[in-house]
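Residues per chain are reported as follows:
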Amino acid sequence: MNIVSTISCPKKIPAMAEATSSNISVAVRIRPPSTEELNKQWQECVRATSASAIVALSTCATKHDQVFEFDTVFGPQATQEEVYAGTVGNLIKDKIYKGFNGTILAYGQTGSGKSFTMGTDGGSKSSLNSNSGSAPLCFSDGVIPRAVHELFHTRASLPSGTERVKVEMTYLEVLNAQVFDLLAKDASSAKLSVKWTEEEGVKVDKITRFDVSSLTDVMRLFEQASAKRKTAPTQMNAKSSRSHAVCTLNVTIAPDCTDDNTDPNFSRETISAKLTLVDLAGSERSDHTKAEGDTKKEGIKINLGLYTLRRVVSNLSYNQGRQIKRIVPYRESTLTLLLRDSLGGSSRTLIIACISPAKSNYQDTIRTLKFAGRARKIKNSPVRNVISSAFDAAALDEENRRLKAENRDLLSQLKEGGAIAVNHAEISEDEYEELKSENYKLNACLLSAIAELTELREEKDRSDATLTKCLTENEILQQQLREKEEAEKRWEKVNKILYGPLPTKRAVIRLKRQYQSRSKQVARKSSSLVGKFTFHTPFNRTQRKMHHQTRNAMRQIHQNRCVPLLSPMKWNNPVVRTARVDEVDRMGNVRA
């Protein structure tokens, strides 16, 4: 095993797309009840009814049982070997060694058995702690050790597989939304940056890459990385992962160009593939984990990244078969940016959802099952990564040899001082000098043309800037003019409402008759009230007062200086009241 220099990830390789797309494969594993749950007389909340169905039992919040269907469901008694055979299966042989990318991802709440399923917990009997040269598999080995074992076992079964197949390993963690290299020797260079481009895909700058040749090499690096990966004890898990871990095995397979290989179906191409193994940190609830201080802050960051992951999966499942699609927020989280190729991309993806059977974790279990159900609807488009063909390489080598031989012949002719044979035509030294001077003149003309073109481009840029500025000012002026016109229209409308047309002559005559009739009513009422009081009001005085008020009001109305106001018939109110036109609103009320 040798250390490769710390460089950036390779560029995206030209590839040929697979004919059909495929949905993400989803498996659910129910872990056995823990010792603490057994001591507390736990109650079951989920149950596997078949190899592909799971039932969430009803509670107080849900009146009926909920049924979920997946590709594979494993009960609490399932072994590690059964889980690997039912999930990964022939992914290594049929996909990775055919040039297709693969991703294996474990999802679930904290303490649901993700690290045990993936094989990154480093148990006492695991191959992580094995020092033997062959590193045999144990019954407790999870998905990662078994996948790596199958990867190298398949390589050994190929003709000249050790020489043809090259495997490189990288290992990083996402802690507090930052990426760190777990295989870097220097802590100062452990922090990495992640970028995404349409041409290169996901790119991690300056990540450390190791050449690995056996399961022992990979497990030794896993042990070193696991020691650097941050963990902390919580109420639900004594060794809770505080970061998301992503291990990548880059496989490059060269063709077998030996003469004894006569198989016409044998591939003559150089292909590459990428096996991504993801161990996510579990979602946490602070009231269950009882975390405090930095552990609580890390749990908040973990939940935030997993929330973005759920949004990505939700939007991708919603977009399947719809014309109006939702925006997928890959860039909102470092984790989702790293998994962009695995979710809706060109990778063959497998998700293992780990859940707890205890009723105390019912809400987290339902959330995990819904996430797995949405992820099962996502379609990826696997792409075969082809670097080059053996026939193309042979043709390029032949062309290179021909050009080198021709170059040697030309150099020898120049050293001899004679004429140079080009296309079977002889050129003398005088003609050569003449062509050389003409070439200098053409180069000078070309340089002057380039300089002139540069000046024209600069002048065009200045003109474009001036035009942009003028257009911006014109737009501002037009906006101000539109605002002024709108304000004038609003004022015209207000004036029309407040100062509408005055009453016509016919209306004034009608009002005059109403006032005269009202004055007669007041006179009759006043005459009837004379004998009801101890004091006597002269009849002619009251009549004269009403007459004068009516006459003055009608005079002001006739001169169009006031408008009439009708008021209830009361003894202490005048018959006619008037107000100025600008003091009356549209409804005929006097403004305060």
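Cut-offs used in this document
Residues numbered from 1 in each chain as written. Predicted model: local features only at pLDDT ≥ 70, side-chain atom pairs only at ≥ 80, totals over all residues. Heavy atoms only, no water. Helix = DSSP H or I, 4+ residues; strand = E, 2+ residues; numbered from the N terminus. Buried < 20%, exposed > 50% of the residue type's maximum accessible area, 1.4 Å probe, protein only. Contact = heavy atoms within 4.5 Å. Polar contact = N/O pair within 3.5 Å; in protein donor to acceptor, adjacent residues only side chain to side chain. pLDDT = per-residue confidence, 0-100. Phe/Tyr/Trp six-rings, centres within 6.5 Å; stacked < 30°, edge-to-face > 60°. Lys NZ or Arg CZ within 6 Å of the ring centre and 35° of its normal. Salt bridge = Lys/Arg side-chain N within 4 Å of Asp/Glu carboxyl O. Core = buried A, V, L, I, M, F, W, Y, C linked by side-chain atoms within 4.5 Å. Pairing = 2+ DSSP bridges. Patch = residues over 30% accessible without salt bridge, like charges linked within 9 Å, V, L, I, M, F, W, Y side chains within 5 Å. Areas by Shrake-Rupley, 256 points an atom, 1.4 Å probe, with all protein chains shown as cover. Lys, Arg positive; Asp, Glu negative; His and termini not counted. Charge placed at Lys NZ, Arg CZ, Asp CG, Glu CD. Axes fitted to C-alpha atoms, helices over the stretch in contact; angles between N-to-C directions. Parallel < 35°, antiparallel > 145°, perpendicular 65-115°, else oblique. Left-handed = near helix turned anticlockwise from the far one by under 90°. Nonpolar A, V, L, I, M, F, W, Y, C, P; charged D, E, K, R; others polar. Arc of directions from axis to C-beta.

Q: So what exactly am I meant to see when it comes to the overall build of the protein here?
A: The secondary structure content of the protein amounts to 15 helices and 26 strands. A burial count over the protein gives 38% of its 592 residues as buried. Across the protein, every contact between residues at least 6 apart in sequence was considered, and the portion connecting residues at least 24 apart equals 70%.

Q: Looking at this structure, I do not really get the side chain of Ser112. What am I missing?
A: Along the chain, Ser112 turns up in the loop between strand S9 (101–108) and helix H4 (114–118). A relative accessible area of 2% means that Ser112 is categorised as buried. There is a polar contact of 3.4 Å between the side chain of Ser112 and the backbone oxygen of Cys354.

Q: Teacher, can you tell me more about the confidence of the model for the protein here?
A: If pLDDT is low for a region, its predicted coordinates should not be looked at in detail. With 71% of its residues at a pLDDT of at least 70, the protein reaches an overall mean of 76. A low-confidence stretch, residues 1–19 stays under pLDDT 50, and its non-local contacts, those more than four residues away or across chains, total 51 contacts. In this model, residues 584–588 is a region of pLDDT below 50 whose contacts with residues beyond four sequence positions or in other chains number eight contacts.

Q: Is there a simple way to think about the packing of aromatic side chains in this case?
A: The geometry of two aromatic rings is summed up by the distance between their centres and the angle between their planes. Counted according to the given criterion, the structure contains two aromatic pairs. Arranged with centres 3.9 Å apart and planes meeting at 20°, the rings of Tyr107 and Phe371 form a pair that is stacked. Of this pair, Tyr107 sits in strand S9 while Phe371 sits in helix H11 (residues 362–375), placing them 264 residues apart in sequence. Owing to a relative accessible area of 2%, Tyr107 belongs among the buried residues under this scheme. Sitting over the face of the ring of Tyr318, Arg322 holds its NZ or CZ atom 4.0 Å from the ring centroid.

Q: Please explain the pattern of salt bridges as it appears in this structure.
A: Where charged atoms of side chains with opposite charge meet at close range, the side chains can pair. Enumeration over the complete set of coordinates arrives at ten salt bridges. Residue Arg220 pairs with Asp217 through a salt bridge whose shortest N-O separation is 3.4 Å. Here Arg220 pairs with Asp217, and both are found in helix H7 (residues 215–228), just three residues apart, close to one helical turn. Residue Arg402 is joined to Glu406 by a salt bridge in which the shortest nitrogen-to-oxygen separation is 3.6 Å. Here the residue Arg402 and the residue Glu406 both occupy positions in helix H12 (residues 390–416), the gap between them amounting to four residues, near one helical turn. Overall, the relative accessible area of 40% leaves Glu406 in the partly exposed class. Several salt bridges share partner residues, and in doing so they unite Lys166, Glu168 and Arg209 into one network.

Q: Could you clarify how one ought to interpret the nonpolar core in this entry?
A: Note that soluble globular proteins tend to have their nonpolar side chains buried in a common cluster. Membership of the largest hydrophobic core comes to 48 residues, with the highest contact counts inside it found for Ile54, Phe70 and Leu309. Phe70 has contacts with Val26, Val28, Ser52, Ile54, Leu369, Ala372, Gly373 and Arg376, leaving out every residue within four places of it along the chain. Formed by 42 residues, the second largest nonpolar core is a distinct cluster that contains Val88, Leu151, Leu249 and Ile352.

Q: Mind showing me how you'd approach the environment of Ala353 here?
A: Summarising the element assignment, Ala353 is placed in strand S20 (residues 347–355). Its relative accessible area of 0% is what places Ala353 among the buried residues. Beyond its immediate stretch of four places on either side in the chain, Ala353 contacts Ala27, Val28, Arg29, Tyr107, Thr368 and Ala372.

Q: For this particular structure, what's the right way to read the pairing of strand S13 (residues 194–197)?
A: Within a regular beta strand, the side chains point alternately toward one face of the sheet and then the other, so they alternate between its two faces. Burial along S13 is one-sided: Val194 and Trp196 are buried, and none of Lys195 and Thr197, which face the opposite way, are. Across four bridges, S13 lies against strand S14 (residues 201–204) in antiparallel orientation. Bridge pairing in S14 links Trp196 to Val202. The hairpin formed by S13 and S14 contains three residues between the paired strands.

Q: In this structure, what is going on with the pairing of strand S11 (residues 178–181)? I would like to understand it.
A: Only one face of S11 is buried, namely the one carrying Val179 and Asp181, since none of Gln178 and Phe180 on the opposite face is buried. Here strand S10 (residues 165–175) runs beside S11; their pairing, made up of four bridges, is antiparallel. Looking at S11, one finds that Val174 is bridged to Val179. Remark: two residues form the turn of the hairpin made by S10 and S11, two consecutive strands paired antiparallel; Asn176 in that turn has positive phi of roughly 55°. Pairing of S11 with strand S12 (residues 191–192), which is carried by two bridges, proceeds in the antiparallel orientation. Among the inter-strand pairings, Phe180 is bridged to a residue of S12, identified as Lys191.

Q: Looking at this structure, I do not really get a negative patch on the surface. What am I missing?
A: A cluster of acidic residues, Glu429, Asp430, Glu431, Glu433, Glu434 and Glu438, forms a negative patch on the protein surface. Along the chain, Glu429 falls in helix H13 (residues 429–498).

Q: Is there a simple way to think about the sheet that holds strand S6 (residues 53–56) in this case?
A: Sheets are built from strands paired through backbone hydrogen bonds, the pairs being either parallel or antiparallel. Strand order in this open sheet of three strands is S5-S6-S7, and the pairing throughout is antiparallel. The open sheet is flanked by strand S5 (46–48) and strand S7 (66–69), the only strands paired with a single partner. Along the sheet, successive strands turn relative to each other by an average axial angle of 25°, direction set aside. Against the sheet, H11 touches S5, S6 and S7, its axis set at about 40° to S7.

Q: Looking at this structure, how should I read the packing of helix H9 (residues 294–319) against H11?
A: The description of two helices packed together rests on the angle between their axes and the distance between the axes. Viewed as axis vectors pointing N to C, H9 and H11 meet at an angle of 40°, and their least axial separation amounts to 8 Å. With respect to H11, the element H9 is oriented oblique. Every pair of crossing elements has a handedness; the one defined by H9 and H11 is left-handed. Packed against H9, whose contacting residues are Leu309, Arg310, Val313, Ser314 and Ser317, the element H11 presents Arg367, Phe371, Arg374 and Ala375 at the interface. The residue makeup of the contact of H9 with H11, split by class, is four nonpolar, two polar and three charged.

Q: Hey, could you run me through helix H2 (residues 80–87) in this one?
A: Residues lying three or four places apart along an α-helix face the same way, a consequence of the helix completing one turn every 3.6 residues. Those residues of H2 lying buried are Gln80, Val83, Tyr84 and Thr87. In an axial view of H2, the angular spread of the buried residues amounts to 95°, which keeps them on one side of the axis. Opposite its buried face, H2 presents the exposed residues Glu81 and Ala85, each directed more than 90 degrees away. Along its buried surface, H2 packs onto strand S4 (25–30), strand S8 (72–74), helix H3 (91–94), H4, helix H5 (143–157) and S20.

Q: So what exactly am I meant to see when it comes to a positive patch on the surface here?
A: A cluster of basic side chains, namely Arg322, Arg326, Lys370, Arg374 and Lys377, defines a positive patch on the protein surface. Looking at the element boundaries, Lys370 is found in helix H11.

Q: In this structure, what is going on with the side chain of His244? I would like to understand it.
A: Relative to the elements of secondary structure, His244 occurs in strand S18 (residues 244–253). Residue class for His244 comes out buried when judged on its relative accessible area of 4%. One polar contact links the side chain of His244 to the main-chain amide nitrogen of Ala281, over a distance of 3.0 Å. Each residue touching His244, except ones within four places of it in the same chain, is listed here: Leu172, Glu173, Val174, Arg229, Asp279, Leu280, Ala281, Ile302, Leu306 and Leu335.

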